[in-house]
Amino acid sequence: AQTVTQSQPEMSVQEAETVTLSCTYDTSESDYYLFWYKQPPSRQMILVIRQEAYKQQNATENRFSVNFQKAAKSFSLKISDSQLGDAAMYFCAYRAVPGTASKLTFGTGTRLQVTL
Amino acid sequence: NAGVTQTPKFQVLKTGQSMTLQCAQDMNHNSMYWYRQDPGMGLRLIYYSASEGTTDKGEVPNGYNVSRLNKREFSLRLESAAPSQTSVYFCASMMTGNSPLHFGNGTRLTVT
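Read on for an overview of the structure. (Residues numbered from 1 in each chain as written. Chains lettered and ligands numbered in written order. Predicted model: local features only at pLDDT ≥ 70, side-chain atom pairs only at ≥ 80, totals over all residues. Heavy atoms only, no water.)

**Comments concerning the interface of chain A and chain B**
Point 1. Taken residue by residue, the interface counts 19 residues in chain A and 26 residues in chain B.
Point 2. Among the residues of chain A in contact with chain B, A:Arg43, A:Ser102 and A:Lys103 are the three that bury the most area, contributing 32% of the side total.
Point 3. The interface formed by chain A and chain B holds 0 salt bridges in total.
Point 4. The interface formed by chain A and chain B includes 6 residue pairs in polar contact (both at pLDDT 80 or more).
Point 5. Elements with a minimum of two residues in the side of chain A that touches chain B: strand E5 (32-39), strand E6 (46-52), strand E10 (88-96) and strand E11 (104-106) of chain A. (Contact = heavy atoms within 4.5 Å. Buried area = accessible area lost by both parts, 1.4 Å probe. Salt bridge = Lys/Arg side-chain N within 4 Å of Asp/Glu carboxyl O. Polar contact = N/O pair within 3.5 Å; in protein donor to acceptor, adjacent residues only side chain to side chain. Helix = DSSP H or I, 4+ residues; strand = E, 2+ residues; numbered from the N terminus.)

Below, the structure written as structure tokens:
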């Protein structure tokens, strides 16, 4: 079974600084998708960024980027120029390519605090 | 565009009571999911429906049943609620391919 591990229960970053959230996963599949979701206090789950495993280029979305290391099974999220609105729980998630299993497996989350 | 709509937003049950959580999506998505979120445990899959007419167990299905009523609706039923089922429940849906999950706003359930 696939597992997703987020080893940092809490992180803190100063406004305007950069922070990196870690995620590792375990799978025997060669093709899959990886996601980062943000959950602010409103409880809403918001997609931050996604990465297809077959793509070597790291995904970026404005201030958010990933460092995808397929061999190491690592998928970290970098937030640049942190803002107060970035404070939230962040979840890393894995999904095998459809046709095998379409389930999304989540990590346990990292709570990010942003300080002035 | 409503997306994924869950009802109710909050619910308090006594041990042994039953209830159904409703979920509907208006995005014509094929797959629908029920997750529960507990502190320190992330989101865990209860049941999912890969397409209309099919349902499958996820990681934590015990104590729950589901019904994929049609392509839009996927309900979760607790037949006899237990305190261990106190949690936040999320419904989600997805098309196919590399599309992400779209989540409802969650239901906070407390079982006393």
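Right, picking up where we left off after that structure.
**Re the nonpolar core**
Residue and element names in this part refer to chain A.
Point 1. Membership of the largest hydrophobic core comes to 26 residues, with the highest contact counts inside it found for Tyr25, Trp36, Phe75, Leu77 and Tyr90.
Point 2. Looking at which element gives the most residues to this core, the answer is E10, with 5 residues.
Point 3. Filtering out sequence-adjacent residues up to four positions away, Leu77 remains in contact with Val19, Thr20, Leu21, Trp36, Val48, Ile49, Phe64, Ser65, Val66 and Tyr90. (Core = buried A, V, L, I, M, F, W, Y, C linked by side-chain atoms within 4.5 Å. Buried < 20%, exposed > 50% of the residue type's maximum accessible area, 1.4 Å probe, protein only.)

**What about unusual backbone geometry?**
Point 1. In the segment running from B:Thr7 into B:Pro8, the intervening peptide bond is cis, with an omega of -5°.
Point 2. Here B:Pro8 is to be found in the loop between strand E1 (4-7) and strand E2 (10-13).
Point 3. The phi dihedral of A:Ala16 is positive, around 80°, even though this residue is not glycine.
Point 4. Examined against the element boundaries, A:Ala16 turns out to sit in the loop between strand E2 (10-14) and strand E3 (19-21).
Point 5. One non-glycine residue, A:Asp81, adopts positive backbone phi at about 50°.
Point 6. Exposure remark for A:Asp81: the relative accessible area of 40% places this residue in the partly exposed category.

**Focus on the pairing of strand E12 (residues 110-115) of chain A**
Residues and elements named next belong to chain A.
Point 1. The alternating pattern of E12 places Thr110, Leu112 and Val114 on a buried face, while none of Arg111, Gln113 and Thr115, on the opposite face, is buried.
Point 2. Sheet topology note: the E2/E12 ladder contains 5 bridges and is parallel. By the bridge assignment for E12, Gln14 is matched with Thr115. (Pairing = 2+ DSSP bridges.)

**Some details on the layout of surface pockets**
The method is simple in principle: a probe with the dimensions of a water molecule rolls over the atoms, and the space it marks as empty is what remains.
Point 1. The volume enclosed by the largest pocket comes to roughly 510 Å³.
Point 2. Forming the boundary of the largest pocket are 25 residues, of which A:Gln39, A:Met89, A:Arg111, B:Gln37 and B:Pro39 lie nearest the centre.
Point 3. Tallied by class, the residues present in the lining of the largest pocket amount to 10 nonpolar, 10 polar and 5 charged.
Point 4. Estimates place the volume of the second largest pocket at around 420 Å³.
Point 5. Along its surface, the second largest pocket is lined by 23 residues, and A:Gln2, A:Leu104, A:Thr105, A:Phe106 and B:Glu59 are the ones closest to its centre.
Point 6. Elements represented by at least two residues in the lining of the second largest pocket include exactly strand E1 (3-5), E10 and E11 of chain A together with strand E5 (42-49) of chain B.
Point 7. Of the residues contributing to the lining of the second largest pocket, the split by class is 11 nonpolar, 7 polar and 5 charged. (1 Å grid on protein atoms, 1.4 Å probe; cavity = no way out; pocket = protein on both sides within 12 Å on 5 of 7 lines; lining within 4 Å. Points joined across faces, edges and corners; volume = space filled by probe spheres on them. Nonpolar A, V, L, I, M, F, W, Y, C, P; charged D, E, K, R; others polar.)

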